[in-house]
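Architecture and fold: a report
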Amino acid sequence: MFSKACEYGIRASIFIAANSSKGIRVGIKDVAKEIDSPEPFTAKIMQILTKNGIIHSAKGVGGGFEVSNEALKSIKLIQIVDAIDGDKIYSGCGIGLKECSEEHPCPVHHEFKKIRSLLLEMLSKTTLEQLASGVKSGDFFLKTLNME
């Protein structure tokens with residue numbers, strides 16, 4: 001449903017937020033490792049998130065990525081999705097047709113419209129703080145377990 005960049009962006013934001021709430025800045029290597037993303041790709045995503053004011057980047061010794069306490073409470077998941085993927089997820093066709101509307105619907109149009117509406121509501125209400133607290137508490141995870 002989301003692009004790979006957006007998935008990584010959401011996971012990176014949550015990881016950074018969870019650490020920021022403990023007063024810890026994290027570097028690009030730590031972010032990439034924690035979200036199972038290639039470092040160069042992660043760096044590009046971090047540029048987007050920083051440019052859009054979601055993540056703050058501090059350079060130099062002791063630098064890294066962080067989210068302020070105020071931002072933790074106010075940043076919604078929709079801001080991350082919009083910054084990386086734009087709004088096509090809320091308006092695009094469920095099966096990728098260029099033209100899909102009430103007047104000319106695809107086979108999944110009406111059901112997908114309901115799902116899009118629920119997704120938009122969830123993204124609009126969910127804060128970065130809510131997601132980070134679940135990761136901090138160990139209730140939620142940002143990567144799959146390595147089954148060997």
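Provided above is the structure to which this section pertains.
Quick look at the structure, then. This structure is a prediction, so every number in the text was calculated from the model and none was measured.

Okay, the overall build of the protein chain next. Along the protein chain, the regular secondary structure elements total eight helices and two strands. Expressed as lengths along the three principal axes of its C-alpha atoms, the size of the protein chain is roughly 60 × 40 × 30 Å. Each of the 148 residues in the protein chain was classed as buried or not, and the buried ones make up 36%. In the protein chain, the share of contacts with a sequence separation of at least 24, taken over all contacts with a separation of at least 6, comes to 66%. Of the accessible surface of the protein chain, which amounts to about 9,100 Å², a share of 56% is contributed by carbon and sulfur atoms.

Time to look at the pattern of salt bridges. With the rule as written, the count across this model stands at seven salt bridges. Glu129 is the salt-bridge partner of Lys73, the closest N and O atoms lying 3.8 Å from each other. Separated by 56 residues along the polypeptide, Lys73 in helix α4 (residues 69-74) and Glu129 in helix α8 (residues 128-136) bring together distant segments of the chain. Residue classification places Glu129 among the partly exposed positions, given a relative accessible area of 34%. For Lys125, the salt bridge goes to Glu121, with nearest N and O atoms at 3.0 Å. Separated by four residues within a single helix, Lys125 and Glu121 lie in helix α7 (residues 109-125), roughly one turn from each other. Relative accessible area serves as the criterion here: at 39%, Glu121 is assigned to the partly exposed category.

Our next topic: α8. If you check which residues of α8 are buried, you get Leu128, Ala132 and Gly134. Buried residues in α8, looked at end-on, bunch into an arc of 160°, giving them a common side. Immediately beyond the C-terminal end of α8, within one or two residues, lies Gly138, with a positive phi of roughly 90°.

A few words now on helix α1 (residues 4-20). Over its 17 residues, α1 runs 24 Å from end to end, which matches the ideal 24 Å to within 8%, given 1.5 Å per residue. In terms of burial, α1 is largely enclosed, as 14 of its 17 residues are buried.

Scanning the entire structure with this criterion turns up zero disulfides. Cys93 supplies the cysteine sulfur nearest to Cys6, a cysteine that is in no disulfide, at a spacing of 19 Å. No disulfide involves Cys106; its sulfur sits 3.6 Å from that of Cys93, the nearest cysteine.

This part takes up a nonpolar patch on the surface. Together, Ile95, Leu97 and Val108 make up a nonpolar patch on the protein surface, roughly 240 Å² of accessible area in all. Along the polypeptide, Ile95 turns up in the loop between α6 (88-91) and α7.

Another point: the side chain of Ser20. Inspection of the secondary structure assignment puts Ser20 in helix α1. Given a relative accessible area of 10%, Ser20 falls into the buried group. The contacts of Ser20, once residues within four sequence positions are left out, are Phe65, Glu66 and Val67.

Quick look at the environment of Gln130 now. Checked against the element boundaries, Gln130 lands in helix α8. On the basis of relative accessible area, Gln130 is assigned to the partly exposed category, the value being 45%. Once the C-alpha coordinates of Gln130 and Tyr8 are considered, the two residues, 122 residues apart in sequence, prove to be 18 Å apart.

Topologically, Ile24 is positioned in the loop between α1 and α2 (28-35). Spatially, the C-alpha atom of Ile24 lies 12 Å from that of His56, the residues being 32 residues apart in sequence.

What counts, and where the lines are drawn
Residues numbered from 1 in each chain as written. Predicted model: local features only at pLDDT ≥ 70, side-chain atom pairs only at ≥ 80, totals over all residues. Heavy atoms only, no water. Helix = DSSP H or I, 4+ residues; strand = E, 2+ residues; numbered from the N terminus. Buried < 20%, exposed > 50% of the residue type's maximum accessible area, 1.4 Å probe, protein only. Contact = heavy atoms within 4.5 Å. Areas by Shrake-Rupley, 256 points an atom, 1.4 Å probe, with all protein chains shown as cover. Salt bridge = Lys/Arg side-chain N within 4 Å of Asp/Glu carboxyl O. Arc of directions from axis to C-beta. Expected span 1.5 Å × (residues − 1). Disulfide = S-S within 2.5 Å. Patch = residues over 30% accessible without salt bridge, like charges linked within 9 Å, V, L, I, M, F, W, Y side chains within 5 Å.

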